Structures are given as C-alpha cells and as structure tokens.
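# Survey of secondary and tertiary structure
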Amino acid sequence: MAEATIWSVGGYAPPHILTNAMLSERMDTSDEWIRTRTGIQERRTAGPDETTASVSARAGQAALESLGFDPGDLDWVLVCTDTPEMWSPATACFVQESLGAKRASAIDLTGGCAGFLQTLQILGPLAASGQNVLVIGTELLTHALDWNDRSTAVLFGDGAGAFLLGPSDRGVSGIRIGPGLSQSDGSQADILGKPYGGTRHNITPDLVAEGKHHTIHMEGQKVFKHAVTMMSDIGRRLIQGANLTLDQIDWVVPHQANQRIIDAVSHQVGIPNERVFSHVAHFANTGSASIGMALADMLDRALLAPGQQLLSVAFGAGFSWASQLFTVDQIPPSRFIHEGSL
Ligand code: ACO
C-alpha cells in the first residue's frame, strides 16, 4: 500500500531583518535579555507589499519548482495559519489562484504552533490515497504583536514553509510521513491566543484605541511549562509506540519556539542537543511555519541523509501539541529562500 511522502520542500523567509538591537530602540528591552531568555538574535518581517497569501505562494512555488511539478496537477492547496489574509475567503484560495493550481480545492486550517503537524496528520491518508497535496504553513506574526508587551513582542517572526505531498508509488521518492500523535486541551485556551476580533470578543473602538484588537495574548511562564511537558511527553510516547529507541532518532526537528524550550525538551526526551535542529536564533518563532521552514533549512544545509529517522514535536495555542515521525528515503528537491538585508 502506498504511503504519504514529502516529494519536495519550499521555504520563504522575508528579506527584512529585525535584530534585537533594533527592537531595543523601540521598546524597553536589550539584546542580552532576549538572547539569554530565548536564544533569539533576529527575526524576519514581511515587507509592506507582502501578505500571508503572497508569502505562502513564495514557499509553495519554491516547493513546486524545485521538483518541476505542474501546479495544474495539484488536487489540494492547504494553508495552515493563525494570521490569515482575511476572515473569508480562505488564504489558500488566493494562493491557489496565484500558483495557477486550476483544478485544486483550497482550504485553510488553524491550529496554532502545533497546527502544521496536526494538518500533516489529516493530510497523510489523502496523499497516500493518490492525491497531490500542497500544504503551506505560514505566519505573519509580526502583524499580530502588541509592541507595548515586551515579553511577547520579542519572540515572533514571519515566514512560510511548504511541503508537496503525494503517494509513494508514483516513482517519486522523498521523506515518508510516518506515524504521528496529536492532542488538545481547550481548557487552557485563555493562556495563549489572539482573542479579539472573533464572535466572542467583537472589536470595539476602545480595543482599537488600545491597539489590542489584533494582538497575541500570552502568559509566558505557563506556556513555557506546558510546552516543555507536553512536547516531551508526546515525543516520547510516539517513539515508544513505534518501537524505536532514542539512538534510532537521527534528528529532532522541533517547533522553533525558543532555545530554552528546545533545550528543555531535548533534555527531557533524552536526545542530545547535537541531534536537535534549531535556527530560532535567526528566524524566531514563526508559528505554523516553523517546522516547514526548519526542514527547508536543514535540506539547504545538507544535514539530512537517506535512511535517517526524524522526530518533530510542536506545541501551541489551544493548547494543542503533536509529534510526528518521518523517514528519509531519498533527499527531496527543495529551495529555501532566505536572502536577508538589514
Ligand atoms: N526585555 C527585558 N525585560 C523583559 C522582557 C524583555 N523583552 N520581557 C519581560 N521582561 C522582564 C519582565 O517584565 C520581568 O521584570 P520584573 O521582574 O521587573 O517584573 C522580568 O523580565 C522577568 O519576566 P518573566 O516573565 O518572569 O521572564 P521569564 O524568564 O519567564 O521569560 C519568556 C519570559 C521568555 C516569555 C518565557 O516565559 C518563555 O519563554 N515563555 C514561553 C513563551 C513562548 O515561547 N511562547 C511562544 C508561543 S507558544 C510556543 O510556540 C510554544
């Protein structure tokens, strides 16, 4: 029976770099504080002409072009995001049009920072059944920041990562999508999210005057504790359930939340830091985009090799958390666009 496979990978980091030093001119913070608490040195921000759909399309196009795949052959275009183009229609519809995926069905999914792995778990059976699926995780999180909330504003960045998925029996090899786990706890929904502008909390003139109508709310210490506990637990359970040992995991590709969270998870799972990928120093937390961007960067740096087993773990708003195993059958074509300017 065919299995879902990542045929190609694309990534896009917008060219504008926002360093910690630049942030410290804007708010009461410092490079030293941000580096020691989070490991972040800089983040990318989308330019004035960029939107979630255009950034998604850059990553999607990079994935398609690296394989030479005709967008007209796509069956599905999915965008996973918490910062959509607009309320309606789905961001994916704009992307479908811009890529020329003429016969594809397009839809968005929203799941916070764990959303990309949750989405892969939904899409795996679809790809295994023979459908050609482009899934793009994208965030323009710098559009959703309260620049007066220094403990949150320093954490996030913009970007997109895209996987072209298909079945393993079409003569195209790549990274096979293995078993995965995911879980949510809606009783923790108030701790992390973007609460205003939906039907529960309508936007009021007061909220707009305070600049809070579109911003992320986060209780950092609670998020930290839950993120470490849940990602470690769901990572370990997946490894055990798949009858793997820790030394059979060649790489952990974690959600790029911040370096202290990544280090704590690698310690609790029991996999040394050298086998845990992190580029959070340069791209910060890009939410739904982070795992796609991380894989695009790993391929760009030639860190992967056939036969390797990868474990991804993610945690975010909801709370939702997920883990996912991948097997590298063959290095898929990829393109990570990350030219930057200060
Ligand atoms: N610059 C300088 N000082 C700051 C900043 C800043 N950017 N932010 C907060 N501080 C101050 C606080 O005001 C506080 O000052 P006080 O002691 O005078 O009151 C002091 O630093 C300590 O604040 P804490 O909140 O206790 O700092 P903490 O060590 O917990 O670090 C942080 C805060 C980095 C947010 C941490 O809680 C964290 O990493 N949480 C996880 C957040 C996260 O990654 N969220 C991403 C979304 S979810 C996900 O992706 C997993």
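Before any of the text, the structure's been laid out above.
Below is a summary of the structure that appears in this document. (Residues numbered from 1 in each chain as written. Predicted model: local features only at pLDDT ≥ 70, side-chain atom pairs only at ≥ 80, totals over all residues. Heavy atoms only, no water.)

The next subject is the overall build of the protein chain. On a plain count of helices and strands, the protein chain comes out with eleven helices and 14 strands. Whereas a compact globule of 342 residues would reach a radius of gyration of roughly 20 Å, the protein chain reaches 19 Å, a difference of no more than 12%. For the protein chain, the spread of C-alpha atoms along the three principal axes comes to 55 × 45 × 40 Å. A burial count over the protein chain gives 54% of its 342 residues as buried. Put simply, 80% of the contacts in the protein chain that link residues at least 6 apart link residues at least 24 apart. (Helix = DSSP H or I, 4+ residues; strand = E, 2+ residues; numbered from the N terminus. Rg over C-alpha atoms; globule rule 2.2 N^0.38 Å. Buried < 20%, exposed > 50% of the residue type's maximum accessible area, 1.4 Å probe, protein only. Contact = heavy atoms within 4.5 Å.)

Moving on: the pattern of salt bridges. Tallied over the full model, the rule gives ten salt bridges. Linking Glu3 and Arg176 is a salt bridge whose minimum nitrogen-to-oxygen distance equals 3.5 Å. Here Glu3 is found in the segment before strand 1 (4–12), whereas its partner Arg176 is found in strand 8 (residues 175–184), with 173 residues between them in sequence. Glu3 sits in the partly exposed class, given a relative accessible area of 36%. Its salt-bridge partner being Asp31, residue Arg35 comes within 2.9 Å of it at the nearest N-O pair. Of this pair, Arg35 and Asp31 both sit in helix 2 (residues 31–38), four residues apart, roughly one helical turn. You can call Arg35 partly exposed: its relative accessible area is 39%. Linked by salt bridges that have partners in common, Glu3, Arg176 and Asp329 make up one network. (Salt bridge = Lys/Arg side-chain N within 4 Å of Asp/Glu carboxyl O.)

Surveying the vicinity of the ligand reveals 24 residues, the closest of which are Thr29, Gln221, His255, Asn258 and Asn285. At a separation of 2.7 Å, a nitrogen atom of the ligand approaches a polar side-chain atom of Thr29. Contacts to the ligand include Gln221, whose side-chain N or O atom sits 2.5 Å from an oxygen atom. Relative to its unbound accessible area of 1000 Å², the ligand is 74% covered by the protein chains. Breaking the shell around the ligand down by element, the ones donating at least two residues are helix 2, helix 6 (150–153), helix 8 (220–241) and helix 9 (259–269). Here the shell around the ligand takes four residues from helix 8, the largest share from any one element. When the residues that make up the shell around the ligand are grouped by side-chain class, the tally is twelve nonpolar, eight polar and four charged. (Near = heavy atom within 4 Å. Polar contact = N/O pair within 3.5 Å; in protein donor to acceptor, adjacent residues only side chain to side chain. Areas by Shrake-Rupley, 256 points an atom, 1.4 Å probe, with all protein chains shown as cover. Nonpolar A, V, L, I, M, F, W, Y, C, P; charged D, E, K, R; others polar.)

Turning our eyes to something else, we now look at the packing of helix 3 (residues 52–67) against helix 4 (residues 91–99). Orientation of helix 3 relative to helix 4, taken along the N-to-C sense of each, is 50°, at an axis distance of 9 Å. One finds that helix 3 runs oblique with respect to helix 4. Our pair here, helix 3 against helix 4, has a crossing hand that is right-handed. Every residue of helix 4 that contacts helix 3 at Thr52, Ala53, Ser56, Ala57, Gly60, Gln61 and Leu64 is listed here: Thr91, Phe94, Val95, Ser98 and Leu99. Class assignment for the residues of the contact of helix 3 with helix 4 results in six nonpolar, six polar and no charged. (Axes fitted to C-alpha atoms, helices over the stretch in contact; angles between N-to-C directions. Parallel < 35°, antiparallel > 145°, perpendicular 65-115°, else oblique. Left-handed = near helix turned anticlockwise from the far one by under 90°.)

Once that is clear, we can look at the pairing of strand 5 (residues 105–109). Residue alternation in strand 5 divides its side chains into a buried set, Ala106 and Asp108, and an unburied set, Ser105, Ile107 and Leu109. The sheet contact formed by strand 4 (residues 76–80) and strand 5 spans five bridges and is parallel. When the sheet's bridge partners are listed, Val77 is paired in strand 5 with Ala106. For the crossover that starts at strand 4, traverses helix 4 and ends in the parallel strand 5, the hand is right-handed. (Pairing = 2+ DSSP bridges. Right-handed = clockwise from strand over helix to strand, strands pointing away.)

A general trend in soluble globular proteins is that nonpolar side chains are found buried together. Formed by 41 residues in total, the largest nonpolar core has its most connected members in Ile249 and Leu311. Of the residues forming this core, the biggest block, seven residues, is contributed by helix 8. In contact with Ile249, not counting residues within four places along its chain, are Ile239, Leu244, Ile271, Arg275, Gln309, Leu311 and Leu325. By size, the runner-up hydrophobic cluster in this structure holds 38 residues, among which are Ile6, Ala128, Phe163 and Phe277. (Core = buried A, V, L, I, M, F, W, Y, C linked by side-chain atoms within 4.5 Å.)

Before going further, it helps to examine the packing of aromatic side chains. A full pass over the atoms with the stated rule returns five aromatic pairs. The interplanar angle of 75° and the centroid separation of 5.1 Å between the aromatic rings of Phe116 and Phe163 together place this pair among those described as edge-to-face. Of this pair, Phe116 sits in helix 5 (residues 115–128) while Phe163 sits in strand 7 (residues 158–167), and the two are 47 residues apart along the sequence. With relative accessibility at 0%, the residue Phe163 sits in the buried group. Considering the side-chain rings of Phe283 and Phe336, the 5.7 Å spacing of their centres and the 65° angle between planes classify their relative orientation as edge-to-face. Of this pair, Phe283 sits in helix 10 (residues 280–283) while Phe336 sits in strand 14 (residues 334–337); the two residues are 53 residues apart in sequence, bridging distant segments of the chain. What makes Phe283 buried here is its relative accessible area of 6%. (Phe/Tyr/Trp six-rings, centres within 6.5 Å; stacked < 30°, edge-to-face > 60°.)

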